[in-house]
Amino acid sequence: MLGTLDSDGSGTTDEQLMAAFSRGSTDAFGELFSRYKQPLFGFFRRRVVDAALAEELTQETFLAVVRGAANYEPSATFRTYLYAIAFRILRAHRRKSAFRAMFWSQETESREAAVRSTIDTEIWLRDAVNKLDQVDRETLLLREFEQLSYAEIAELMKLPLNTVRSRLFRARGALRELLSAPAGKGVVKDFAAYEERV
């Protein structure tokens, strides 16, 4: 059966929990929330700078799961279903942000640039990842950070499996190149070590 087994070995899958929740079990939702709160927060945290905003988007995603529970049909793994909702919420947030950005002053932008110039290695890596092609970036993040399988990424992003593989290969190469710039040489070592573990 599809799904992640419960860590205590009880054998309850995410899909079984979601089905139970759609029939009214609040305990089932509590378990799903417990399993996915941190991974989902990490998903948003790697895509938005503000931790409070990442927390807000995480809550919005779970709220969308609650609202859609009655219509849930297990056509894919629950994890894929959850990340598809998260992607929709992230896209909506980005559209709103782009609209707001049209009204930002020059002064705000220069202050943000000054803050960016003082950030640590983690932010340097995030900036490099943000320079990747959008599809390559999402493929890389889903694989390296969300730990989704190639098949799950293909389903989520509506791409052929081989395209996912080639996009991931290209994204890793482009990121390595970006991190090879003088300011990022320490980061590329960390990234290379990380790749060996994955």
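A short tour of the structure in this document, coming up. (Residues numbered from 1 in each chain as written. Predicted model: local features only at pLDDT ≥ 70, side-chain atom pairs only at ≥ 80, totals over all residues. Heavy atoms only, no water.)

Summing up its helical and strand segments, the chain has ten helices and zero strands in all. Starting at the N terminus and ending at the C terminus, the chain contains elements arranged as α-α-α-α-α-α-α-α-α-α. Among the 198 residues that make up the chain, the fraction classed as buried is 38%. Looking at the chain alone, contacts between residues at least 24 apart form 59% of all its contacts between residues at least 6 apart. In the form shown here, the chain has an accessible surface area of approximately 11600 Å², with 55% of it arising from carbon and sulfur atoms. (Helix = DSSP H or I, 4+ residues; strand = E, 2+ residues; numbered from the N terminus. Buried < 20%, exposed > 50% of the residue type's maximum accessible area, 1.4 Å probe, protein only. Contact = heavy atoms within 4.5 Å. Areas by Shrake-Rupley, 256 points an atom, 1.4 Å probe, with all protein chains shown as cover.)

Take the packing of aromatic side chains next. Tallied over the full model, the rule gives ten aromatic pairs. Plain terms: the ring middles of Phe21 and Phe29 are 4.8 Å apart, the flat faces sit at 35° to each other, and that makes the pair tilted. Of the two residues examined, Phe21 and Phe29, each falls in the buried class. Ring geometry for Phe29 and Phe62: centres 6.1 Å apart, planes at 85°, overall edge-to-face. (Phe/Tyr/Trp six-rings, centres within 6.5 Å; stacked < 30°, edge-to-face > 60°.)

On to the nonpolar core, then. Met18, Leu40, Phe43, Phe44, Val65, Phe78 and Leu142 are the most contacted members of the largest nonpolar core, which totals 35 residues. Within the residue set of this core, elements represented by two or more residues are helix H1 (14–22), helix H2 (26–45), helix H3 (51–68), helix H4 (78–101) and helix H8 (150–157). In this structure Phe43 touches Tyr83, Ala86, Phe87, Leu90, Leu142 and Glu146, once residues within four positions along its chain are discounted. Formed by nine residues, the second largest nonpolar core is a distinct cluster that contains Ala128, Ala171, Leu175 and Leu179. (Core = buried A, V, L, I, M, F, W, Y, C linked by side-chain atoms within 4.5 Å.)

At a closest axis distance of 9 Å, the pairing of H2 and H3 adopts a crossing angle of 140°. On the basis of their axis angle, the class for H2 and H3 is oblique. As for how H2 packs across H3, the hand of that crossing is right-handed. Residues Phe29, Leu32, Phe33, Tyr36, Lys37, Leu40, Phe41, Phe44 and Arg45 of H2 form the contact with H3, whose own contacting residues are Ala51, Ala54, Glu55, Leu57, Thr58, Thr61, Phe62, Val65 and Val66. (Axes fitted to C-alpha atoms, helices over the stretch in contact; angles between N-to-C directions. Parallel < 35°, antiparallel > 145°, perpendicular 65-115°, else oblique. Left-handed = near helix turned anticlockwise from the far one by under 90°.)

With that out of the way, let us pick up the environment of Arg176. Of note, Arg176 is situated in helix H9 (residues 161–179). What makes Arg176 partly exposed here is its relative accessible area of 36%. Separated by 47 residues in sequence, Arg176 and Val129 place their C-alpha atoms 9.9 Å apart.

A word on unusual backbone geometry. A positive phi is found at Lys158, a non-glycine position, where the angle reads about 55°. On the secondary structure map, Lys158 appears in the loop between H8 and H9.

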